[in-house]
Amino acid sequence: MSGTPIRTALKVDFDTPAYKQKGLHNRWHPDIPFATSITPGETVKIECLDWTGGQIGNNDSADDVKNIDLTRVHYLSGPFEIVGAEPGDVLQVEIQDVQPFQERPWGFTAVFDKANGGGFLDGEFPQAAKAIWDFSGIFCSSRHIPGVKFVGLIHPGIMGCAPSPELLKEWTRRESELVETSPLASTRDVALLPEPRNIHAGSASPELAEKIGREGARTIPGRPEHGGNCDIKNLSRGSKTFLPVHIPGAGFSVGDLHFSQGDGEISFCGAIEMAGIITVKCELIKNGMETLGMKSPIFIPGPVEPQFGPGRMLTFEGFSVDDKGRQHYLDVNVAYKNTCMRVIEYLKRFGYSGEQIYLLLSSAPVQGHIAGIVDIPNACTTMGLPMDIFDFDISPQGAIANGGVKAMDMGSCAYTSDRK
């Protein structure tokens, strides 16, 4: 007996601008109309655009990255009504597959300009850059970062259910408070508050879309009550995620698909971003928030991921001492920047530019960990770099045996036309 065909719950159209497609949206709000319904227990396919809605091209220039309109991003597929869902329930989402479109076997990683998005290391790398990745089955490689090939841990960057009106107000309250009180707010964005420009609310009427534009939460950050843009690479095939439900029907949305990503997604647009199709099975756990004692999403990783033995990971340490020699108190942010810079310095000896390595650490399956958080004054973080993704020997033993490292011609990532 043949199996039941899997229904496609939502299709996207590459010939129509994202902001004109009724099954997409780019804000979180309880009043965005449902795109369609999913019955608990049903497995469906959901098509997704890349997170920019097609603003980044497969070319050798980073001008599109520099000039990206960040008010037109995170076009999510949905929201989907989960039949029978009520506030206090939990939606279990099992990811059964994620694939790029067959006719679009490529993705991109980018460093955003510090003046337009920035990234974790935008003090060190303030100008836009880009790498295009080509997919070949489970593998990917890039003409902009030669000498590297690896298996993708494919996953969605964003999954979540719509907030209630009360939760939406709470998000705006605390993020507005941060903007008003943070000493960093005078020099950079510390939170992105509701922004009416380029609001897209699916099939909402103009009047409703205007309301959603005034009130809707931006999709850039993940948030504790619902998940959202968490960019967790382990939410891959076979994983199960448990999402709190806050409105009748849940309003489940998904998007921002990644072919691969390193822990931290440090360049902000740091995964291998792609358009693709995700297959999910949704189950409803009635009164699940109370049953599971949940305040934030939880997940169980799937069984499918690249295999790199512990002995094939070159691991770098970092501490909460900044590049000017200033000691910080148990600052994990400073420590992880320190860790990233140690990896970049190490790999530059082989001929890569700093931007090429920054792009690579964002997109390859590196493993970031907090090693220590109690030994005052230093936090300690680590980054494990899988040596087998390179087609040459990067190990310390290799350098010792050869009396050092010889820089090779590693080409160039894509830069802007006005690069200085």
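Everything that follows concerns the structure shown earlier in this document.
All residue numbers refer to positions counted from 1 along the written sequence of the respective chain. Where totals are concerned, whole chains, interfaces and linings use all residues; where local detail is concerned, this predicted model gives features only for residues with pLDDT of at least 70, and gives and counts side-chain atom pairs only at 80 or more. Just so you know, side-chain values use all the structure's heavy atoms and leave hydrogens and water out.

### Things to note about the pattern of salt bridges
Note the threshold: The working definition used for a salt bridge is a side-chain nitrogen of Lys or Arg within 4 Å of a carboxyl oxygen of Asp or Glu. The way it works is that DSSP assigns letters per residue, a run of H or I at least four long becomes a helix, a run of E at least two long becomes a strand, and they are numbered from the N terminus. In this scheme, a residue with accessible area under 20% of its type's maximum is buried, one over 50% is exposed, and one in between is partly exposed, where area comes from a 1.4 Å probe on protein chains only.
Counted according to the given criterion, the structure contains 24 salt bridges. A salt bridge links Glu42 to Arg7, with the nearest nitrogen and oxygen atoms 2.8 Å apart. Placement of the pair is Glu42 in the loop between strand 3 (36–38) and strand 4 (43–48) and Arg7 in strand 1 (residues 7–10), with a sequence separation of 35 residues. Notably, a salt bridge pairs Asp263 with Lys233, separated by 2.7 Å at the nearest N-O pair. Within this pair, whereas Asp263 is found in the loop between strand 15 (250–258) and strand 16 (268–273), its partner Lys233 is found in the loop between strand 13 (227–229) and strand 14 (240–244), the two being separated by 30 residues in sequence. What makes Lys233 buried here is its relative accessible area of 7%. Within the structure, one salt-bridge network assembled from shared partners comprises Glu170, Arg173, Arg174, Glu177 and Glu225.

### Some remarks on the side chain of Asp122
Formally: Distance and chemistry together define a polar contact, namely a pair of N or O atoms within 3.5 Å, with one atom able to donate a hydrogen and the other to accept it when in protein, and with adjacent residues in sequence counting only for side-chain atoms on both sides. The contact criterion used is simple: two residues touch if any of their non-hydrogen atoms lie within 4.5 Å.
Tracing the backbone shows Asp122 in the loop between strand 7 (106–111) and strand 8 (129–136). Look at Asp122 and you get buried, because its relative accessible area is 5%. Reaching out from Asp122, the side chain makes a polar contact with the backbone nitrogen of Gly119 at a distance of 3.2 Å. Separated by 2.9 Å, the side chains of Asp122 and Arg188 make a polar contact. When neighbours within four sequence positions are excluded, Asp122 is seen to be in contact with Lys114, Arg188 and Tyr358.

### A closer look at the sheet that holds strand 4
Each strand in a sheet pairs with its neighbour through backbone hydrogen bonds, running either in the same direction (parallel) or in the opposite one (antiparallel). Selection criterion: Between any two strands, at least two bridges found by DSSP are needed for them to pair. Axes here mean lines fitted to C-alpha atoms, for a helix over just the part in contact, with angles spanning 0 to 180 degrees between N-to-C directions.
Ordered in space as 1-4-17-6-14-18, the six strands form an open sheet in which the pairing is mixed. Of all strands in the sheet, those with a lone pairing partner are strand 1 and strand 18 (298–300), marking the two edges. Mean inter-strand twist for the sheet, computed between neighbouring axes without regard to direction, equals 35°. Of the strand pairs in this sheet, strand 6 (residues 90–100) and strand 14 are connected by five bridges, and their pairing is antiparallel. Residue pairing across strands places Gln92 opposite Phe242, the latter belonging to strand 14.

### A short note on unusual backbone geometry
Omega for the peptide link from Gly78 to Pro79 comes to -5°, which places this bond in the cis form. Assignment of secondary structure puts Pro79 in strand 5 (residues 76–82). The peptide bond linking Ile376 to Pro377 adopts the cis configuration, its omega dihedral lying at 5°. For His74, which is not glycine, the phi dihedral falls at a positive 55°. As for its position among the elements, His74 is in the loop between helix 1 (63–66) and strand 5. Positive phi is not limited to glycine here, since Asp231 has a value of about 50°. Locating Asp231 in the fold gives a position in the loop between strand 13 and strand 14. By relative accessible area, Asp231 is classed as buried at 16%.

### Observations regarding the nonpolar core
Let me state the cut-off plainly: For our purposes a nonpolar core is just a set of buried Ala, Val, Leu, Ile, Met, Phe, Trp, Tyr and Cys residues, chained together by side-chain atoms within 4.5 Å.
Residues Ile46, Phe252 and Phe390 are the most contacted members of the largest nonpolar core, which totals 77 residues. Looking at which element gives the most residues to this core, the answer is helix 5 (residues 332–348), with seven residues. Apart from residues lying up to four places away in sequence, Phe390 is in contact with Gly147, Val148, Leu347, Tyr352, Leu360 and Leu385. Val65, Ile68, Ala128 and Ile220 belong to the second largest nonpolar core, which has 15 residues in total.

### Brief notes about the pairing of strand 17 (residues 276–285)
Direction of pairing for strand 4 relative to strand 17: antiparallel, over a ladder of six bridges. Bridging across to strand 17, Val44 finds its partner in Val280. Bridge analysis of strand 6 against strand 17 gives 10 bridges, and the strand direction is antiparallel. Its bridge partner being in strand 17, Pro100 is matched across the sheet by Gly276.

### Topic: the packing of aromatic side chains
Formally: Working definition: a ring pair exists when centres of Phe, Tyr or Trp rings (six-membered ring for Trp) sit within 6.5 Å. Plane angles under 30 degrees give stacked, over 60 give edge-to-face, the rest tilted. Only Lys NZ and Arg CZ are tested; either one counts as a charge over a ring when it is within 6 Å of the ring centre and within 35 degrees of the ring normal.
Tallied over the entire structure, the rule returns 13 aromatic pairs. Between Phe350 and Phe392, the ring centres sit 5.5 Å apart and the planes meet at 45°, which makes this aromatic pair tilted. Of the two residues, Phe350 is situated in the loop between helix 5 and helix 6 (354–363) and Phe392 in the loop between strand 21 (380–386) and helix 7 (396–401); the sequence distance between them amounts to 42 residues. As far as the burial class goes, Phe350 and Phe392 line up, both buried. Every member of this aromatic cluster is reached through a ring pair, and the members are Phe316, Tyr346, Phe350, Tyr352, Phe390 and Phe392. It is Lys149 that lies over the ring of Phe139; its NZ or CZ is 4.8 Å from the centre.

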